[in-house]
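# Per-entry structural report
Here's the letter readout for the chains.
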Amino acid sequence: MTKKLPHIALLGIGLMGGPIARNLLDAGFPMTLWNRTASKCEPFASEATVADTPANAVRTADVVITMLENSAVVEQVMIASGAMAAMKPGALVIDMSSIQPSVARRHAALAAEKGVGYVDAPVSGGTLGAQEARLSIMAGGSEEDVLRARPIFEVLGKCTRIGPVGAGQLAKLANQAIVGITIGAVSEALLLAAKGGADPAAVREALMGGFAGSRILELHGQRMIDRDFAPGAPARIQLKDLRMILDEARAEGLTLPLSQQVHNEYLSLVANGHSDADHSGLLLELEHINGTRLAANGPGPKE
């Protein structure tokens, strides 16, 4: 006799939530979906229930997954809209959004008052990782709650339990510091090489075989060369994450100069109208500063 799969309510069907919904439905999980823009649920309407409010989505769910843009949106959907209050005792919240660790801890305390478990489980891997079920999932919560969530995580990627509630969000901040700073480094390196007359595509290929090789050089370096800045992870989200990194650093009495500098560059990138460009589009800000443009065979005039 096969074990009955838990009923999942997924709140947030965006760039990441859509592929997550697809993989969970393909794995056989019964699902209820909710999204602020209801039309994003339509591709799944024949396979899942579509709810009109977050509270109605979660009422009978065994597991509630949120994949929302930021702390304020999670607060609105889970608390202000009454979703947390509508959950049944014994259910489990898995917040896969990237939010402040303090918000995760507060929501976990509210969940506990309802007899509901809580895991903060932000992810890395972008839309491609979500589509290919190769997400790196950073989980914060009790061993028992993370164990309950593992059958879901196994459908989506690889989970590592980081520690208690909030620890997953701290790991995600560490991830985003490395990502943001490395995107900045790749942008500068390719532009430097191109300005001197080297072919940036050949430079990227050479560097991939050495100590500077990285996933960001591989994927985002290619995006920069191809000038493909369609959003996988929008620049505004990277800026939000860098802001949270600096807030957390201040709360811990730390100074993080590299994170501060990259934050300022993303702030300018967004202010210059590129909020929805992929975060690899930080190259556009570097080009703006220098009045030049990365081209396949070296620098060209500014666009």
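Check the entry above for the structure.
Described below are features of the structure shown in this document. What you are looking at is a predicted structure, and each value in this text was computed from that prediction instead of being measured. (Residues numbered from 1 in each chain as written. Predicted model: local features only at pLDDT ≥ 70, side-chain atom pairs only at ≥ 80, totals over all residues. Heavy atoms only, no water.)

## Considering the overall build of the chain
- A count of helical and extended segments in the chain gives 13 helices and 11 strands.
- A globule of 303 residues ought to have a C-alpha radius of gyration of about 19 Å, and the chain, at 21 Å, matches this closely.
- Projected onto the principal axes, the alpha-carbon positions of the chain cover approximately 65 × 45 × 35 Å.
- Within the chain, the proportion of its 303 residues that are buried is 50%.
- When the accessible surface of the chain is split by element, carbon and sulfur atoms take 56% of a total near 13700 Å².
- Of the charged side chains in the chain, 27 are positive and 31 negative; the average position of the first set lies 3 Å away from that of the second. (Helix = DSSP H or I, 4+ residues; strand = E, 2+ residues; numbered from the N terminus. Rg over C-alpha atoms; globule rule 2.2 N^0.38 Å. Buried < 20%, exposed > 50% of the residue type's maximum accessible area, 1.4 Å probe, protein only. Areas by Shrake-Rupley, 256 points an atom, 1.4 Å probe, with all protein chains shown as cover. Lys, Arg positive; Asp, Glu negative; His and termini not counted. Charge placed at Lys NZ, Arg CZ, Asp CG, Glu CD.)

## A closer look at the pattern of salt bridges
- By the definition in use, this model includes 13 salt bridges.
- A salt bridge links R148 to D145, with the nearest nitrogen and oxygen atoms 3.7 Å apart. In this pair, R148 and D145 are both assigned in helix α7 (residues 143–156), 3 residues apart and thus about one turn of the helix distant.
- In this structure, R250 and D247 form a salt bridge, with 2.6 Å as the shortest nitrogen-oxygen distance. Placement of both R250 and D247 in helix α11 (residues 235–251) is noted, with a separation of 3 residues, approximately one turn of the helix. (Salt bridge = Lys/Arg side-chain N within 4 Å of Asp/Glu carboxyl O.)

## Quick notes on the nonpolar core
- Among the nonpolar cores identified, the biggest contains 33 residues, and I94, M96 and F153 are the most heavily contacted of them.
- When residues of this core are assigned to their parent elements, the largest contribution, 5 residues, is made by α7.
- In this structure M96 touches I65, T66, M67, A121, P122, V123, I137, F153 and L156, once residues within four positions along its chain are discounted.
- In this structure, L190, V203, V262 and A277 belong to the second largest nonpolar core, which totals 29 residues. (Core = buried A, V, L, I, M, F, W, Y, C linked by side-chain atoms within 4.5 Å. Contact = heavy atoms within 4.5 Å.)

## Re α7
- In this model α7 runs 19 Å from its N-terminal to its C-terminal C-alpha over 14 residues, within 8% of the 20 Å that 1.5 Å per residue would give.
- The largest bend in α7 comes to about 50°, at R150, with the proline P151 one to four residues further on.
- Three or more residues of α7 are buried, namely D145, V146, A149, I152, F153 and L156. (Expected span 1.5 Å × (residues − 1). Bend = angle between axes of the 7 residues up to and from the residue.)

## Focus: the packing of helix α8 (residues 167–195) against helix α10 (residues 215–226)
- Between α8 and α10, the least distance of the axes is 10 Å, while the angle of their chain directions is 50°. The angle between α8 and α10 places the two elements in the oblique class. Taken as a pair, α8 and α10 cross one another with a handedness that is right-handed. Across the interface between the two elements, I178, V179, T182, I183, V186, S187 and L190 from α8 touch I216, L217, H220, G221, M224 and I225 from α10.
- Taken together, the residues that form the contact of α8 with α10 break down as 9 nonpolar, 4 polar and no charged. (Axes fitted to C-alpha atoms, helices over the stretch in contact; angles between N-to-C directions. Parallel < 35°, antiparallel > 145°, perpendicular 65-115°, else oblique. Left-handed = near helix turned anticlockwise from the far one by under 90°. Nonpolar A, V, L, I, M, F, W, Y, C, P; charged D, E, K, R; others polar.)

## Examining α11
- For α11, with 17 residues, the first-to-last C-alpha span of 24 Å sits near the 24 Å given by 1.5 Å per residue.
- Taken across its 17 residues, α11 has 12 buried, putting it largely inside the fold.
- Of the surrounding elements, those touching the buried residues of α11 are α3 (71–80), α5 (101–113), α8 and α12 (257–271).
- Where α11 ends, the next residue or the one after it, G253, has phi of about 70°, a positive value.

## Things to note about the environment of R106
- For R106, the location among the structural elements is in helix α5.
- A residue is classified by how much of its surface remains accessible, and R106, at 39% relative accessible area, is partly exposed.

## Here's the deal with unusual backbone geometry
- Although it is not a glycine, A133 sits at a positive phi angle of roughly 55°.
- Along the chain, the position of A133 falls in the loop between α6 (126–131) and β8 (135–140).

## A look at the pairing of β8
- Here β8 lies mainly inside the structure; 5 of its 6 residues are buried.
- In the sheet, strand β7 (residues 123–124) pairs with β8 via 2 bridges, with the strands oriented antiparallel. From the neighbouring strand, V123 faces β8, where its bridge partner is I137.
- In terms of strand pairing, β8 meets strand β9 (residues 157–163) through 6 bridges, oriented parallel. Residue pairing in the sheet places G140 in a bridge with G163 of β9.
- Regarding topology, α7 serves as the crossover connection from β8 to the parallel β9, and that connection is right-handed. (Pairing = 2+ DSSP bridges. Right-handed = clockwise from strand over helix to strand, strands pointing away.)

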